[in-house]
Amino acid sequence: MSHPAQVKIPATYMRGGTSKGVFFRLQDLPASAQVPGEARDRLLLRVIGSPDPYQKQTDGMGGATSSTSKTVILAEPTVPDHDVDYLFGQVSIDKPFVDWSGNCGNLTAAVGAFAINGGFVSPERIPDNGICTVRIWQANIRKTIIAQVPITNGEVQETGDFELDGVTFPAAEVQVEFMDPADGEGAMFPTGNVQDDLDVPGLGSLRATMINAGIPTIFVDAKAIGYTGTELQDDINGNPDALAMFETIRAHGAVRMGLINHVDEAAGRQHTPKVAFVAPPADYVASSGKAIETGDIDLLVRAMSMCKLHHAMMGTAAVAIATAAAIPGTLVNQAAGGGDRSAVTFGHPSGTLRVGAEAREVDGDWTATKAVMSRSARVLMEGWVRVPGGSF
């Protein structure tokens, strides 16, 4: 019995922030995958190695975590005054679907470099030495992101001394600005409130801040669900009851936010919304062994991603944290001590992160103008990925 040969597809494997993924140019994909649909999803699933009932992604490029089961497609800009369209696909590890419902803020740091190297940025806009400003159209959420990419001798500068907790080695700093970061076309607070009572079976009524900024996020108080905010991955990811509790919170919060119509739909939308729990500052030891002291941070935040506690912090969730911290009365703002804030430093499982946001109230509705953070990015491998023919 004969089997089809493997297909070679140009691709680049990149780290961006605390995530990594497989990057493609739209024009390099097979014709059937150049348009949204089943063929594209099947291709990306096979590239990453999903669905994998063993949850290892051994037969693909994925790393068997939400941070490493990611794909990016870049294309010519469809919006004026932008350099590139950025489409993000979060690939499920054990289920046969790709979630297109949100952005990846960490990989955004790599998009700017890939856009320059991939020929999307006009050569005359790339300095010999200095900073190249790349205007990115985030196609999932239809928002503008600006990446400030360092250039040395006409090439993207990837090495440097910028340290990012959650990433082992230093690299060059890339500043990323999320413009008008409220996710989607609805209100930043879809319920109209900075805090709500969220009824969750098995838990009762929880105070929650539900916000659309960076990515739809449900914030709850750590103490209210039996945690301190200093937890690491092993404290939660090995506990099926805890994971089920967070998924129940996420499903009921998604309904309240208008993202789904019924809790049963949450299983098919794993990427959004996120669930995070917050607490006031406290001493703890990060997963690297680094001691984090109360005076180092404004608050503690832990966030769930694809049904597991994230090892650090998603970039989009960091935008939500900064935006919520800038708005009095949110659980995030209260955990940080209240008051007016344009930036916060929060503690996460791998260490700390500083992120800023600008928010203002207009006619009783809150809006955010931008959020800013620094990340880093690096090409890990470039060439081709090979996919068995007939799999897409």
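Below is a summary of the structure that appears in this document. Note that the structure is predicted; figures quoted are calculated from it, not measured.

On to the pattern of salt bridges. Within the structure shown, the criterion is met by twelve salt bridges. In this structure, the salt-bridge partner of Arg46 is Asp59, at a minimum N-O distance of 3.1 Å. Here Arg46 is found in helix H1 (residues 38-48), whereas its partner Asp59 is found in the loop between H1 and strand S3 (70-75), with 13 residues between them in sequence. Between Glu177 and Lys370 there is a salt bridge, with the nearest N and O atoms lying 3.8 Å from each other. With Glu177 in strand S9 (residues 174-179) and Lys370 in strand S20 (residues 365-375), the pair connects residues that are 193 residues apart, well separated along the chain. With relative accessibility at 11%, the residue Glu177 sits in the buried group.

Our focus in this paragraph is the side chain of Asn103. Its location among the elements puts Asn103 in the loop between strand S5 (98-99) and helix H2 (105-117). Its relative accessible area of 1% is what places Asn103 among the buried residues. Of note is the side chain of Asn103, whose polar atom sits 3.2 Å from the side chain of Tyr86. Residues contacting Asn103, with those up to four places away along its chain left out, are Tyr86, Phe88, Thr108, Gln138, Asn140, Ile141, Ile145, Phe178, Ile215, His271 and Thr316.

Let us now look at the nonpolar core. Leu74, Tyr86, Ile116, Phe219, Leu299, Met313 and Phe346 are the most contacted members of the largest nonpolar core, which has 69 residues in total. Ile249, Tyr284, Ala286 and Ile292 belong to the second largest nonpolar core, which has 27 residues in total.

With that out of the way, let us pick up the side chain of Ser374. Relative to the elements of secondary structure, Ser374 occurs in strand S20. A polar contact is formed between the side chain of Ser374 and the side chain of Glu173, at a distance of 2.5 Å. For Ser374, the contacting residues outside a window of four places in its chain are Phe162, Leu164, Glu173, Val174, Gln175 and Leu353.

Let's shift gears to the packing of aromatic side chains. All told, the structure shown has four aromatic pairs when counted by the stated rule. Here Phe23 and Phe114 contribute two aromatic rings whose centre-to-centre distance is 5.5 Å and whose plane-to-plane angle is 40°, an arrangement assigned as tilted. Within this pair, whereas Phe23 is found in strand S2 (residues 19-25), its partner Phe114 is found in helix H2, the two being separated by 91 residues in sequence. Assessed through its relative accessible area of 0%, Phe23 is described here as buried. With 5.5 Å between their ring centres and 20° between their planes, Phe246 and Phe277 make a pair best called stacked. In this pair, Phe246 is assigned in helix H4 (residues 240-256) and Phe277 in strand S13 (residues 274-279), connecting sequence segments 31 residues apart. For Phe246, a relative accessible area of 2% translates into the label buried. Here Phe277 falls in the buried class, since its relative accessible area comes to 0%. Through pairs of rings, three or more aromatic residues link up here, namely Tyr227, Phe246 and Phe277. Note that Lys8 overlies the ring of Trp384, its terminal NZ or CZ placed 4.3 Å from the centroid. In this arrangement the basic side chain of Arg302 is found over the ring face of Tyr284, its NZ or CZ atom lying 4.7 Å from the centre.

Cut-offs and rules
- Residues numbered from 1 in each chain as written.
- Predicted model: local features only at pLDDT ≥ 70, side-chain atom pairs only at ≥ 80, totals over all residues.
- Heavy atoms only, no water.
- Salt bridge = Lys/Arg side-chain N within 4 Å of Asp/Glu carboxyl O.
- Helix = DSSP H or I, 4+ residues; strand = E, 2+ residues; numbered from the N terminus.
- Buried < 20%, exposed > 50% of the residue type's maximum accessible area, 1.4 Å probe, protein only.
- Polar contact = N/O pair within 3.5 Å; in protein donor to acceptor, adjacent residues only side chain to side chain.
- Contact = heavy atoms within 4.5 Å.
- Core = buried A, V, L, I, M, F, W, Y, C linked by side-chain atoms within 4.5 Å.
- Phe/Tyr/Trp six-rings, centres within 6.5 Å; stacked < 30°, edge-to-face > 60°.
- Lys NZ or Arg CZ within 6 Å of the ring centre and 35° of its normal.

Keep in mind these numbers describe shape, not what the thing actually does.
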